[in-house]
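Here are the chains, one letter per residue:
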2 protein chains.
Amino acid sequence: MSRGFHVAVVGATGAVGQEMLQVLQRRRFPVRELTLLASARSAGKTLRFGEESLPVRELKADSFKGVEVALFSAGGGRSREFAPAAVKAGAVVVDNSSAYRMDPEVPLVVPEINPEAVRTHKGIIANPNCSTIAMVVPLYPLHKAFGVKRVVVATYQAASGAGAAAMEELLAETRATLENKPFTRAIFPQQYAFNLFPHNSPLDDTGYCEEEIKMVRETRKIIGDESLRVTATCVRVPVLRAHSEALNIEFARDVSPEQAYEVLRQAPGLEVHEDRAQNRWATPVDGSGKDPVLVGRIRRDLSQDNTLDLWLVSDQLLKGAALNAVQIAELL
Amino acid sequence: MSRGFHVAVVGATGAVGQEMLQVLQRRRFPVRELTLLASARSAGKTLRFGEESLPVRELKADSFKGVEVALFSAGGGRSREFAPAAVKAGAVVVDNSSAYRMDPEVPLVVPEINPEAVRTHKGIIANPNCSTIAMVVPLYPLHKAFGVKRVVVATYQAASGAGAAAMEELLAETRATLENKPFTRAIFPQQYAFNLFPHNSPLDDTGYCEEEIKMVRETRKIIGDESLRVTATCVRVPVLRAHSEALNIEFARDVSPEQAYEVLRQAPGLEVHEDRAQNRWATPVDGSGKDPVLVGRIRRDLSQDNTLDLWLVSDQLLKGAALNAVQIAELL
């Protein structure tokens, strides 16, 4: 028997699932055997993994025999339904959905921040929300160095966060709009071509949407500091695959932009990406296909002491999802 | 001689100039005579004004004979060069550029907020920056009612802010991207189709760009309160003509969302536009072609007392430019 793990990818035909296959390959994750699982609708397709063509099988409770690592990215409902079966079969589940993230029994992990948390797992490890990951990668080293008190974040989120079909819908609706043709949307509730809208996840009674609450709560859990104050406004913009965020960060003490840059230049998982002389900063196109979170445009907030503004871009499918999940699997 | 004014529109062929003609017509501004001025390149074209077809003439220092109201929207350079000539010829200039906005001798006016300021003019009245107008229309009544201490704003700005050619460039680049064809940009420094970028106006040594500094300074001047603290992050998104903004507003005291809605429902120049039950909020498409600033999504900030989040959309060409300029002219 060759070395390595029997890995299952659940939701293998989705936008994140496809990236997972590429990331496993690119990072030479020790895969001994690979099981591709998806809904009945996608079963029967074949997907490439390096030189091989592998069949996609229907996800069922008995799909996990012999599986050691199961990467789930098929939505919260599938995770709740099938992750327990995978754990029962002996697999460790890395779950990209929101199903288990706030479960106190389940570690919520960004490997650059809290790798030690994986040790406490009881079968399931949760992969955080994509907008949250993008924010915490630079926030954590700044918090460690200077103490963050409060963050006001506004997001500019890409179609990829809603899946491969959403990316296709944005392209198709844009084409129809340019040709002045009618278009029937299947995924988004409002026009998306040349338009934007506050994130359409359900509101709770605070008036925050689910996506925003994730950024508030998951950030605290990952960084391990319940006193960290975060408010978020999440907005879907007509961009294909990388999220951008404008952060306003209040610190416990005075921090100069130079000090913040110095900390970020040495922190893992991110890259200072800017050309100040040319007034150029990271854009979603720059961030697409890149592993690190791109950060820059750090300046002192003119309206308040001890506060900096920061701009970031992160590939939602990579660090926001597939890459982080595979990095978690690498910790095992 | 019939009643009404001899009006000149400077920059008549531009995106804002064209809207000015429509707004003058729609609001039945008492136009006795209309002079259309533009660069030599556009001179000789004709434009419709109601039933009439009018020639566009080249803008020169002697273009203003007999003109009583001159609406300038041809960039700061043209305003600095030609507004003094218009004033000398006896016209009152309403200037849509940034050339005179922060001049202490020049009133900076949003008619819903500081109409009385026009009385102090010495020939020139400045029309504020479009992102600033959108923000101050709801901010001012909230400030009057509850006292605003600090605003953190992130913008989602449309192509129209950079003119008609910029809107065309967005459409053309999007078409080329969908067809996988090369595209040479003339206006924007970076890919704009399915992409976004921090506003490309020049940086000053604080690291803020000009657009952001306008939102900080002009807001104070219009509202007439130098203690008002504002920080802004301005971002250009691939949307055609309405700007959106996410505001985080800290008040001097506790304000409930209900109290804020009540004040905004009675304030001029804006409209509460939302369907909370359906999780629908104003989008740029909703705001395009509409006079009022659309506001909503008001919620208590979970991270800080006395603080609300608010979402707004404003047609950059109307309230952000042409409509506000014509409203100023109406005050005269």
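Residues numbered from 1 in each chain as written. Chains lettered and ligands numbered in written order. Predicted model: local features only at pLDDT ≥ 70, side-chain atom pairs only at ≥ 80, totals over all residues. Heavy atoms only, no water.

**Description of the relation of the copies chain A and chain B**
Okay, so step 1: For the match of chain A to chain B, the screw axis carries a shift of 0.0 Å, the RMSD comes to 0.0 Å, and the turn is 180°. Within this description, the copies of the chain are treated as partners about a two-fold rotation axis. (Least-squares fit on C-alpha atoms with pLDDT ≥ 70 in both.)

**Side note on the state of the cysteines**
Residue and element names in this part refer to chain A.
Okay, so step 1: As enumerated under the stated definition, the model contains zero disulfides over all chains in all.
Okay, so step 2: As a non-bridged cysteine, cysteine 234 has cysteine 209 as the owner of its nearest cysteine sulfur, 5.3 Å distant.
Okay, so step 3: Note on cysteine 234: relative accessible area 0%, which makes it buried. (Disulfide = S-S within 2.5 Å. Buried < 20%, exposed > 50% of the residue type's maximum accessible area, 1.4 Å probe, protein only.)

**Side note on the side chain of Ser160(A)**
All names here are of chain A.
Okay, so step 1: Checked against the element boundaries, serine 160 lands in the loop between β8 (148–156) and α4 (164–178).
Okay, so step 2: Here glutamine 316 takes part through its side chain, which lies 2.7 Å from a polar atom of the side chain of serine 160.
Okay, so step 3: Setting aside its immediate chain neighbours within four residues, serine 160 contacts Met167, Leu240, Arg241, Gln316 and Leu317. (Helix = DSSP H or I, 4+ residues; strand = E, 2+ residues; numbered from the N terminus. Polar contact = N/O pair within 3.5 Å; in protein donor to acceptor, adjacent residues only side chain to side chain. Contact = heavy atoms within 4.5 Å.)

**Some details on the nonpolar core**
Okay, so step 1: Core analysis: the largest hydrophobic core is formed by 57 residues, its most contacted members being Phe64(A), Ala70(A), Phe72(A), Val151(A), Ile249(A) and Leu310(A).
Okay, so step 2: When sequence neighbours within four positions are dropped, the list of residues in contact with Ala70(A) reads Ala8(A), Phe64(A), Ala86(A), Ala91(A), Val92(A), Val93(A) and Val94(A).
Okay, so step 3: Judged by nonpolar contacts, the second largest core, of 56 residues, contains Phe194(A), Phe197(A), Val69(B) and Ala329(B). (Core = buried A, V, L, I, M, F, W, Y, C linked by side-chain atoms within 4.5 Å.)

**Considerations on the sheet that holds strand β16 (residues 293–300) of chain B**
All names here are of chain B.
Okay, so step 1: Reading across the sheet, the six strands line up as β10-β8-β12-β17-β16-β13 and stay open at both edges, with mixed pairing between neighbours. The open sheet has two edge strands with one neighbour each: β10 (229–233) and β13 (270–272). With direction set aside, neighbouring strand axes in the sheet form an average angle of 25°.
Okay, so step 2: In the sheet, β13 pairs with β16 via three bridges, with the strands oriented parallel. Counterpart to glutamate 271 in the pairing with β16 is leucine 294.
Okay, so step 3: Taken strand by strand, helix α8 (residues 318–331) contacts β16 and β17 (307–315), and its axis lies near 60° from that of β17. (Pairing = 2+ DSSP bridges. Axes fitted to C-alpha atoms, helices over the stretch in contact; angles between N-to-C directions.)

**Observations regarding helix α6 (residues 257–266) of chain B**
Side chains that are three or four residues apart share a direction in an α-helix, a result of its 3.6 residues per turn.
Residues and elements named next belong to chain B.
Okay, so step 1: Listing the buried residues of α6 in full gives Pro257, Ala260, Tyr261 and Leu264. Projected down its long axis, α6 carries its buried residues within an arc of 100°, all on one side. Turned more than 90 degrees from where α6 packs its buried face, Glu258, Glu262 and Gln266 sit exposed.
Okay, so step 2: In this structure, the buried residues of α6 make contact with α3 (130–146), β13, β14 (274–275), β16 and β17. (Arc of directions from axis to C-beta.)

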